[in-house]
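Breakdown of the fold
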Amino acid sequence: MLEDQLTEIVEQTDFVQEVLDVAESEFDHYYIGAGCITQSVWNYLCGREAGYGIGDIDIVYYDAHDHTGEREDWIEAVCNKKLEHAGYPIDVTNEARVHVWYEKKFGKKIPPYQSVEEAIDTWPATASAIGVKKTNGIYQIYAPYGLDDLFQLIVRPNKKMIPQHVYEKKVSKWKRLWPELKIKEW
């Protein structure tokens, strides 16, 4: 049902397909997630162009053996080179090392994630806590809060980790770009 509809939207979005193909060639276990997927669905539902409002494309993966960030930076450079024609910067994040920099960026210390799925569980809104990957032509969707909010244009805070001001900043930006969204207050 909604997973099938999400898969159809992803299949129809050329730049997402290109990113999935590159990501599949670079990672054993990854997801394309957050804004790129969420905003592609909002654009489809609101009748906007496929890339409208998308600032970057997030690829997340988990490598507990690399806490330096060197491989993460190298993979990000490779992905950006392979996808430079797509028109969006690629942001690659090793979720195993987020705890290293999170406090400095957001002012809150967090424990290390144990998986990429655990990281997605903490993303700022239920509608954006979504990851999609493709392996051998088969799509896999990870959506710990389901897909109802996404397809109903509801933005609900996920208070699992994100601070209120980060949620409100994102919501403010999203509401300007997609006024159809139904925003739930913190």
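Residues numbered from 1 in each chain as written. Predicted model: local features only at pLDDT ≥ 70, side-chain atom pairs only at ≥ 80, totals over all residues. Heavy atoms only, no water.

**With respect to the nonpolar core**
Residues L6, F27, I32, W42 and I59 are the most contacted members of the largest nonpolar core, which totals 44 residues. Dropping the residues within four chain positions of it, W42 is found in contact with A127, L150, L153, V155, W174, W178 and L181. (Core = buried A, V, L, I, M, F, W, Y, C linked by side-chain atoms within 4.5 Å. Buried < 20%, exposed > 50% of the residue type's maximum accessible area, 1.4 Å probe, protein only. Contact = heavy atoms within 4.5 Å.)

**Focus on helix α8 (residues 164-177)**
With 14 residues, α8 should reach 20 Å at 1.5 Å per residue; the first-to-last C-alpha distance of 20 Å fits that figure. Listed in full, the buried residues belonging to α8 are V166, Y167, V171 and W174. Projected onto a plane normal to the axis of α8, the buried residues spread over an arc of 130° and lie on a single side. Residues H165, K169 and R176 are exposed on α8 and point more than 90 degrees away from its buried face. Tucked inside the fold, the buried residues of α8 contact α3 (35-46), α5 (98-106), β6 (154-155) and β7 (182-183). (Helix = DSSP H or I, 4+ residues; strand = E, 2+ residues; numbered from the N terminus. Expected span 1.5 Å × (residues − 1). Arc of directions from axis to C-beta.)

**Focus on the pairing of strand β1 (residues 30-33)**
If a strand is regular, its side chains alternate between the two faces of the sheet. Residues Y30 and I32 of β1 are buried on one face, and the alternating residues Y31 and G33, pointing to the opposite face, are buried as well. Relative to strand β4 (residues 131-135), β1 is paired through two bridges, and the arrangement is antiparallel. Following the sheet pairing, I32 is matched in β4 by V132. (Pairing = 2+ DSSP bridges.)

**Some thoughts on the packing of aromatic side chains**
As enumerated under the stated definition, the model contains 10 aromatic pairs in all. When the centroid spacing of 5.7 Å and the interplanar angle of 85° are considered together, the rings of Y52 and W178 count as edge-to-face. Of this pair, Y52 sits in the loop between α3 and β2 (57-61) while W178 sits in the loop between α8 and β7, and the two are 126 residues apart along the sequence. A network of ring pairs unites the aromatic residues W42, Y52, W174 and W178 as a single cluster. (Phe/Tyr/Trp six-rings, centres within 6.5 Å; stacked < 30°, edge-to-face > 60°.)

**A closer look at the environment of K159**
Of note, K159 is situated in the loop between β6 and α8. A relative accessible area of 48% places K159 in the partly exposed class. Separated by 91 residues in the primary sequence, K159 and T68 place their C-alpha atoms 28 Å from one another. A polar contact is formed between the side chain of K159 and the backbone oxygen of W186, at a distance of 2.5 Å. (Polar contact = N/O pair within 3.5 Å; in protein donor to acceptor, adjacent residues only side chain to side chain.)

**Some remarks on a positive patch on the surface**
Together, K105, K169, K170, K173 and R176 give the surface a local cluster of positive charge. With four residues, α8 is the largest single contributor of residues to the positive patch. (Patch = residues over 30% accessible without salt bridge, like charges linked within 9 Å, V, L, I, M, F, W, Y side chains within 5 Å. Areas by Shrake-Rupley, 256 points an atom, 1.4 Å probe, with all protein chains shown as cover. Salt bridge = Lys/Arg side-chain N within 4 Å of Asp/Glu carboxyl O. Lys, Arg positive; Asp, Glu negative; His and termini not counted. Charge placed at Lys NZ, Arg CZ, Asp CG, Glu CD.)

**Remarks on the sheet that holds β1**
Through backbone hydrogen bonds, the strands of a sheet pair up, either in parallel or in antiparallel fashion. With mixed pairing, five strands are arranged side by side in an open sheet as β3-β2-β1-β4-β5. Of all the strands in the sheet, the pair left with one neighbour each is β3 (90-94) and β5 (138-142). Averaged over all adjacent pairs, the angle separating strand axes in this sheet is 30°, with direction ignored. Where β1 meets β2, four bridges bridge the pair, whose relative direction is antiparallel. Looking at the pairing, Y30 lines up with Y61 of β2. Contacts from α3 reach β1, β2 and β4 within the one sheet, and its direction differs from that of β1 by about 45°. (Axes fitted to C-alpha atoms, helices over the stretch in contact; angles between N-to-C directions.)

**Focus on the pairing of β4**
Burial analysis of β4 places four of its five residues in the buried class, which makes it a mostly covered element. With five bridges connecting them, β4 and β5 associate as antiparallel partners. Bridge assignment links T135 to a residue of β5, and that residue is I138. Linking β4 to β5, which pair antiparallel, is a turn of two residues; within it N136 sits at a positive phi near 50°.

**Structural notes on the side chain of T7**
For T7, the location among the structural elements is in helix α1 (residues 2-12). When its relative accessible area of 18% is taken as the criterion, T7 is described as buried. Within the structure, the side chain of T7 is placed 2.9 Å from the backbone oxygen of E3, a separation counted as a polar contact. Contacts of T7, omitting those with residues within four sequence positions, involve Y139 and I141.

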